[in-house]
Amino acid sequence: MRAIPTRPVTIDSTRYGERWFPLLFRHTDGTLLMYVEYGHDAHFAPFFRIESRDEGRTWSNPCDNVPRCTWALGFADNELLEMDAYGVQDPKKTEYACHYGAWSDPAKPNSPVKRELIRVHCPSTRAAPLASLPGYPTVHWWDLWNGLHGTSNLKGPEIFLNGPNMTSGFDAGGGRLIATGYGASKDESIKGDWVWLYESRDRGHNWREISVVARPSDSLPRGANEATIVRLRDGRLYAVARTFGPRLTHMWSSDEGKTWTTPAPLNLIDSKEIPGTVWPVCTVMKDGTLALVYGRPGKHLVLDPSGTGTQWQSHLDLHAWELDTQATMGVPPEKRLRGIVGHDPNVYCNRYTDSGDYLAVVTSGERGLIVMYDVHQYVESWNAKPVEAVRMVRLEVSG
């Protein structure tokens, strides 16, 4: 089995601005929704959304229903839930975090958008002062903070961020939504990040913690964080998470997320390539085949035709494919992507002349995939000027 890529194309670019960390979701009506950060690479940089109704050939209708949407989910009636990245501790009920949320119908761009607070019961997560995050807290979030505290005279030290950073989820049926989220534990004696599973029974307005997916241990001394979750064709839940070691880790649940297997390193059965390190995103193809993208350093895709998470194989180096594409377009070697590949990203991580290496993937048709990633100071052809951009690759899975 292998994934055969077409040449990547630029779907959004700017010379005076930035593009970081594209997220890609397929809405229940088939529309592709792409979210991308347009501020500096730091906390509190906002995102906007564009959409495609022709499988990525054209993109339009920019909007931002919440300031920094990092997770979205479509319902069978085509309503779309969008959740903001930042949870703020409720000063009156400190075990709750409040996020901006929006419910809308992308097929009806002129219809009202319902904006309400999402409340997450998160008794296990540790609150952090606003000043602990690098980045300037822009105007987008001040109304949320002021409203929770009942005053517009806040100076900053009164504000605590709390709750999970939700990264992946789906409609589990029966009116139940599930999602993975990560953060630090309230028990400060345990260092490192945890991944929890959360559940909503009211279309995403309220969430509660239901289990631990991964936590710091002897084999994961710094824990795990950015996680992706899917339902396998045999009904089990499957999660893959970032760790602070050189590889990804994965876990299974046979009881709808109440309990999880011990995190194990994710290996390939046909290669010594070590899958890692950041932002794994998994999707299930129509025949049950699993596709997984991840990055830093580089941009990578692997497949599991068994659909079990135990037979990962067919590694594809999308960074090398991008360099080959630039060479084909006559870009001199010194102007091609040149950031962190070949370096230890913990020591040298120059994303600003390369890529954030956070990839997005969705299925397309029976055997197709669409993958996206950001590029910086990117030169597309021999006579082009450098841009900040989002690139898209189509792939066909064969075998």
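As shown above, the structure is provided for reference.
Residues numbered from 1 in each chain as written. Predicted model: local features only at pLDDT ≥ 70, side-chain atom pairs only at ≥ 80, totals over all residues. Heavy atoms only, no water.

A. Broad picture of the nonpolar core. In this structure, Y35, W145, W207, L301, L369 and L395 are the most contacted members of the largest nonpolar core, which totals 69 residues. Apart from the residues within four sequence positions on either side, L395 is in contact with A3, I4, P5, L301, L316, L318, R367, G368, L369 and V371. In terms of nonpolar packing, the next biggest core, distinct from the first, is built from 16 residues, I178, I229, A241 and M251 among them. (Core = buried A, V, L, I, M, F, W, Y, C linked by side-chain atoms within 4.5 Å. Buried < 20%, exposed > 50% of the residue type's maximum accessible area, 1.4 Å probe, protein only. Contact = heavy atoms within 4.5 Å.)

B. Region of interest: the sheet that holds strand β21 (residues 264–265). Sheet architecture is open: four strands sit in the order β18-β19-β20-β21, paired in antiparallel fashion. Two strands lie at the open edges of the sheet, namely β18 (224–231) and β21, each paired on one side alone. Where strand β20 (residues 249–253) meets β21, two bridges bridge the pair, whose relative direction is antiparallel. Residue pairing across strands places T249 opposite P265, the latter belonging to β21. (Pairing = 2+ DSSP bridges. Helix = DSSP H or I, 4+ residues; strand = E, 2+ residues; numbered from the N terminus.)

C. Seen up close, the packing of aromatic side chains. Inspection of the entire model under this criterion finds 14 aromatic pairs. Each ring, one from F21 and one from Y358, has its centre 5.0 Å from the other, and the planes form 55 degrees; the classification is tilted. In this pair, F21 sits in strand β3 (residues 20–26) while Y358 sits in the loop between α2 (318–328) and β26 (360–364), placing the two residues 337 residues apart along the sequence. For the pair F21 and Y358, one class covers both residues: buried. Centre to centre, the rings of F44 and W145 are 6.0 Å apart; their planes meet at 90 degrees, and the pair counts as edge-to-face. (Phe/Tyr/Trp six-rings, centres within 6.5 Å; stacked < 30°, edge-to-face > 60°.)

D. Here's a closer look at unusual backbone geometry. Residue G276 is joined to T277 through a cis peptide bond whose omega torsion reads 10 degrees. Here the bond from R296 into P297 is cis, since omega is -5 degrees, no more than 30 degrees from zero. Looking at the secondary structure, you find P297 in the loop between β23 (290–295) and β24 (299–304). Phi angles above zero are rare outside glycine, and E256 is one such case at about 60 degrees. Along the polypeptide, E256 turns up in the loop between β20 and β21. Positive phi values are uncommon outside glycine, yet D357 reaches one of about 60 degrees. Within the secondary structure, D357 sits in the loop between α2 and β26.

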